[in-house]
Each structure stands twice: as C-alpha cells, then as structure tokens.
Amino acid sequence: MANNILAIKNLNIHYGAIHAIKGINLTIKKGEVVTILGSNGAGKTSTLKSISGLVPVSKGEIIFNGDPIHKWKAHKIVKAGLAQSPEGRLIFPDLTVRENLEMGAYLRSDKVGIKEDMEYVSGLFPILSERGKQLAGTLSGGEQQMLAISRAYMSSPTLLLLDEPSLGIAPILVQTIFKAIKEINSRGTTILLVEQNAFAALKVADRGYVMQTGEIVMSGPASELIENDEIKKAYLGH
Ligand code: ATP
C-alpha cells in the first residue's frame with residue numbers, strides 16, 4: 001500500500017542450519033507506532049537487525065519508502081532514514097555523551113538540522129545535556145538507554161527501530177522512556193518497538209504483532225491485543 005513506510009514480505013532468516021525467521025509479513029504505516037511482542041528467542045531482534053541490514057535476509061523482501069532495502073548495506077539504510085537503537089544499548093563507552101550524540105549524526109551534513117536535533121534530544125532527556133562531558137560508559141543503565149535512543153534519533157530517521165528500550169532499567173525511567181517514545185512519534189517519526197514489557201508497549205502503540213518461534217501468530221490494533229485473553233495470559237501476567 002502506498003502509505004506503508006515499511007513492508008516486510010515473506011521474510012526468512014537462517015543462522016547456519018537454524019531457521020530463525022520463517023516467512024513473516026509485516027507492514028508499518030507512516031506515523032504509526034507498531035510493536036512486536038514475543039518471548040525470548042521468538043525472533044524479534046533478528047527481525048529488527050534484518051531491517052537495519054545487520055543480519056542477512058535469506059528469502060523475502062523488505063521495502064522501505066518504496067525501495068527494496070534487504071540487500072543494502074547498513075550505512076546506506078541509515079542514510080535513507082532508518083535507524084536502530086539496539087538492545088544492550090551499545091553506546092560508545094569511551095566517548096562522552098556529547099560525542100556519542102555527534103556520532104549519531106555522522107552521515108548528515110545539514111548543520112542547522114543537527115543543531116536543532118541536538119537541542120531536541122537535550123530537551124527530551126535533560127539529564128543527557130547535564131552529563132554532556134561525562135564518559136558514556138559511566139552513565140546508569142537507564143541513562144545509557146536514553147543516550148542510545150537519542151543517538152539513533154540524531155541520524156534524523158523517518159523510521160526508528162527500538163529494541164527493548166526498557167530492558168533492565170528502573171521503573172521510574174521506564175515511564176520517562178515511553179513518554180519520550182510517544183513524544184518522538186508525535187514529532188513525526190514512525191516507530192517500530194520491540195519490547196518484553198508488553199503492557200507498556202501496547203499502551204504506546206497503535207498496532208502490534210506477536211511472534212513465536214520465528215512466526216507471527218497474532219496481530220491487530222494495540223487496543224484489542226491488550227484486551228485479548230491469550231495475550232493477557234502469556235505476556236501481561238494475568
Ligand atoms: P530476545 O528477546 O531474547 O532477544 P528475540 O525474540 O529477539 O529474543 P532473536 O534474538 O531474534 O529472538 O533469536 C531468534 C532465534 O535465532 C533464537 O533461537 C536464537 O537462538 C537464534 N539466533 C539469534 N542470533 C543468532 C546467531 N547470531 N547465531 C545463531 N543463532 C542465533
């Protein structure tokens with residue numbers, strides 16, 4: 001469909017003999033927040049990495065803004081407007097907070113836009129501007145997560161992929177992070193969110209997909225998934 005920013009068609013991923021992703025289909029419309037839920041090993045991270053060009057696609061297509069990107073190199077995908085904030089954060093620990101943010105913008109040349117976005121992320125997470133000169137490796141887990149999201153945002157993505165932004169961080173910061181996700185989305189960035197915290201993810205999302213052992217087993221509006229008995233039992237703890 002014309003207003004899909006992303007369309008995944010029959011995506012398959014193999015790691016040697018392991019068939020990790022078994023022919024999934026998924027679409028994201030411009031402006032949406034879409035979440036992928038699923039237990040450990042379901043294939044969520046593999047799906048995100050294949051979109052970002054970090055894991056090879058063995059069969060199927062990934063169409064971003066009308067372009068088939070499944071054979072593109074990762075930097076070309078970032079340049080086209082698709083950025084990922086990875087699980088485990090992967091910030092540069094020996095660079096300062098500020099330098100990490102600058103690294104996020106390294107493929108850009110629009111100085112004014114970079115400055116504006118730098119101010120925007122500082123407003124989103126004021127702690128980051130307070131800690132601008134601090135080495136990123138010395139930040140708390142939650143602060144590193146904020147930095148990872150901000151660094152991905154600094155590439156000025158039209159589609160932002162977030163892998164487990166709430167993993168291992170204090171509950172109070174989880175709220176801050178989900179508020180920021182909503183805010184980034186309201187500023188015009190489309191978001192694909194992978195989360196173990198299914199409740200928080202469904203609260204912020206428009207639609208969701210549920211993955212199990214490499215397949216999509218359910219999908220629909222987030223407001224329906226959050227009321228679904230199977231989802232409640234499997235992912236919402238009641
Ligand atoms: P988690 O929430 O634990 O990260 P996930 O849903 O993101 O889980 P993936 O990390 O995508 O799941 O893993 C999907 C399957 O692929 C798992 O069976 C996993 O063991 C396997 N897998 C992932 N990465 C590799 C790899 N580099 N080599 C071999 N197998 C892998």
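All of the points below concern the structure found in this document. (Residues numbered from 1 in each chain as written. Predicted model: local features only at pLDDT ≥ 70, side-chain atom pairs only at ≥ 80, totals over all residues. Heavy atoms only, no water.)

## Side note on the site of the ligand
Point 1. As a matter of local geometry, the ligand sits amid 14 residues, with Gly41, Gly43, Lys44, Thr45 and Ser46 nearest to it.
Point 2. Contact distances for the ligand include 2.8 Å between an oxygen atom and a side-chain N or O atom of lysine 44.
Point 3. Backbone polar atom of threonine 45 to an oxygen atom of the ligand: 2.7 Å apart, as the coordinates give it.
Point 4. Burial of the ligand by the surrounding chains reaches 61%, relative to a free accessible area of 630 Å².
Point 5. Sorting the residues of the shell around the ligand by element identifies strand S2 (18-29) and helix H1 (44-52) as the ones contributing at least two each.
Point 6. With 3 residues, H1 is the largest single contributor of residues to the shell around the ligand.
Point 7. Partitioning the shell around the ligand into residue classes produces 4 nonpolar, 7 polar and 3 charged. (Near = heavy atom within 4 Å. Polar contact = N/O pair within 3.5 Å; in protein donor to acceptor, adjacent residues only side chain to side chain. Areas by Shrake-Rupley, 256 points an atom, 1.4 Å probe, with all protein chains shown as cover. Helix = DSSP H or I, 4+ residues; strand = E, 2+ residues; numbered from the N terminus. Nonpolar A, V, L, I, M, F, W, Y, C, P; charged D, E, K, R; others polar.)

## Section: helix H3 (residues 97-104)
Point 1. Among all positions in H3, only Val97, Asn100, Leu101 and Gly104 are buried. In an axial view of H3, the angular spread of the buried residues amounts to 100 degrees, which keeps them on one side of the axis.
Point 2. Each element contacted by the buried residues of H3 is listed here: helix H4 (111-124), helix H5 (126-130) and helix H6 (141-153). (Buried < 20%, exposed > 50% of the residue type's maximum accessible area, 1.4 Å probe, protein only. Arc of directions from axis to C-beta. Contact = heavy atoms within 4.5 Å.)

## As for the sheet that holds S2
Sheet strands pair via backbone hydrogen bonds, and the direction of the pair is either parallel or antiparallel.
Point 1. With antiparallel pairing, 4 strands are arranged side by side in an open sheet as S2-S1-S4-S5. At either margin of the open sheet sits one strand with a lone partner, and together these are S2 and strand S5 (67-68).
Point 2. Summarising the sheet, strand S1 (residues 4-15) and strand S4 (residues 59-64) pair through 5 bridges and their orientation is antiparallel. Pairing of lysine 9 across the sheet is with glutamate 61, part of S4.
Point 3. Sheet strands touched by H1: S1, S2 and S4. Its angle to S1, the strand with the most contacts, is close to 115 degrees. (Pairing = 2+ DSSP bridges. Axes fitted to C-alpha atoms, helices over the stretch in contact; angles between N-to-C directions.)

## Considerations on the environment of glycine 41
Point 1. Here glycine 41 shows up in the loop between strand S3 (33-37) and H1.
Point 2. What makes glycine 41 exposed here is its relative accessible area of 72%.
Point 3. Spatially, the C-alpha atom of glycine 41 lies 8.2 Å from that of glycine 214, the residues being 173 residues apart in sequence.

## Looking at the sheet that holds strand S8 (residues 190-194)
Point 1. Here we have 6 strands laid out as an open sheet, ordered S6-S7-S8-S3-S9-S10, and mixed in their pairing. At either margin of the open sheet sits one strand with a lone partner, and together these are strand S6 (82-85) and strand S10 (215-221). Averaged over neighbouring strand pairs, the angle between their axes works out to 15 degrees when direction is ignored.
Point 2. Bridging between S6 and strand S7 (residues 159-163) involves 4 bridges; their strand directions are parallel. Bridge pairing in S7 links leucine 82 to leucine 159.
Point 3. Along the sheet, H6 makes contact with S6 and S7, crossing S6 at roughly 170 degrees.
Point 4. Taken strand by strand, helix H7 (residues 171-186) contacts S3, S7 and S8, and its axis lies near 150 degrees from that of S8.

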